[in-house]
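Descriptive structure summary
Okay, here's what each chain looks like letter by letter:
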Amino acid sequence: MTYWFRQHRYALSVALVHLRRAPGSFLFNILVVAIALALPFMGATLLDNVRPMSEQLSVDPELSIFLKQDTPRQQAEELAVLLRQAVPDKQAKIIFTEREKALETLKEKSGLADVLTTLGENPLPDSYVLKLDAFRLAESGGDVDVLAEQIRELPGVDTVQVDSAWVKRLAALLGILRLALLLLAATLGTVVVAVVFNTIRLQVLTQREEIQVSKLIGATDSFIHRPFYYTGALLGLCSGALALGAVALALRPLNAAIAEFARLYASEFQLTPLSPPLMAGLLALSAGLGLIGAVLSVQRHLARVQ
């Protein structure tokens, strides 16, 4: 085991010596690979910030039922019995909201208390919120759209709105974004491998005579290959670190713009950097891409040199 560690320590030191001989070329390659990695890293950061919000949103169907303005209060309260009879899911939650309470809530949350006061009369109707369980609704053979049409026919009902439809659209959109990010990451990952492949190829050609002499004195293939593997892994690792740093810096102006937008919706949403385990995973992935490029290049070009 000590001999194995000694070999790898030596290979790493040789790789660092080779990099110090041409620092400009190495830094330029780091910049190129970091640019390729920055876009999928930013996409991963955005999706990681949106994921907790999407998980908290309920995808169970909900119906908002708005009554006509001239519906008497007693008739509005008695409508709950008819709703219970119409809903296949007998454990569904039926929440009645009086128009006065709805107005007070709107004044508190919208900041338009003065404007609403000038209206004189309360413009909001009595309403119900019908919370269903998607699993039990499917078991009972019910359909939320058919149920909405049945509720519209009840006396005193003005409008029925399916509130969970936009949540399903959001979930579908996030799925498309994840797939697009995966395809983008695969494409740019190929670019990273190609850049490292070409970098190692140039190193092999530059050190052709040194490799030939090493073979003549009995150096094994693994002894010769190992420094190039470390070079590719270091290139990928440094590029990944630079890309993560660029993403972290880009979050500051983005958060400044998002804060203005979120304030309009009484929210304090901000983008946060990736967690340390995710950052470590992305760095390992970057190093792995560099290693793959180095292995492919070494296997192809060292055979020709030898």
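Residues numbered from 1 in each chain as written. Predicted model: local features only at pLDDT ≥ 70, side-chain atom pairs only at ≥ 80, totals over all residues. Heavy atoms only, no water.

1. Focus on the side chain of S297
For the record, the criterion: Every helix listed is a DSSP run of H or I at least four residues long, and every strand listed is a run of E at least two residues long, numbered separately from the N terminus. Residue exposure (1.4 Å probe, protein chains only): buried if accessible area is under 20% of the type maximum, exposed if over 50%, otherwise partly exposed. Think of a polar contact as two N or O atoms within 3.5 Å of one another; within protein, one of them needs to be a possible hydrogen donor and the other a possible acceptor, and neighboring residues in sequence only count if both atoms come from side chains.
Looking at the element boundaries, S297 is found in helix α11 (residues 276-305). Overall, the relative accessible area of 0% leaves S297 in the buried class. A polar side-chain atom of S297 sits 3.2 Å from the main-chain amide nitrogen of R201.

2. Quick notes on helix α7 (residues 144-152)
What counts, and what does not: The arc in question is traced by the directions running from the helix axis to the C-beta atoms.
What α7 keeps buried is the set V144, L147, A148 and I151. Taken end-on, α7 shows its buried residues confined to a sector of 105 degrees, consistent with a single buried face.

3. Notes on the pattern of salt bridges
As a reminder, the rule being used: A pair is scored as a salt bridge if a Lys or Arg side-chain nitrogen falls within 4 Å of a carboxyl oxygen belonging to Asp or Glu.
Tallied over the entire structure, the rule returns three salt bridges. With a shortest N-O distance of 3.9 Å, R73 and E98 are connected by a salt bridge. With R73 in helix α3 (residues 73-86) and E98 in the loop between β2 (93-97) and α4 (99-110), this pair connects stretches of sequence that are 25 residues apart. Where R73 meets D126, a salt bridge forms, and the shortest distance between an N and an O atom there is 3.2 Å. One end of the pair, R73, is in helix α3; the other, D126, is in the loop between α5 (113-118) and β3 (127-131), and 53 residues separate them in sequence. What makes R73 partly exposed here is its relative accessible area of 28%. Connected through shared salt-bridge partners, R73, E98 and D126 make up one network.

4. A short note on the sheet that holds strand β1 (residues 62-67)
In plain terms, the rule: Two strands pair if DSSP finds at least two bridges between them. Here an angle of 0 to 180 degrees is reported between the N-to-C directions of two axes, which are lines fitted to C-alpha atoms, with helices fitted over the stretch in contact.
An order of β2-β3-β1-β4 is seen for the four strands of this open sheet, with the pairing classed as antiparallel. In this open sheet, the two edge strands, each paired with only one partner strand, are β2 and β4 (157-162). Averaged over all pairs of adjacent strands, the angle between their axes in this sheet comes to 20 degrees, without regard to strand direction. The pairing of β1 with β3 spans five bridges and is antiparallel.

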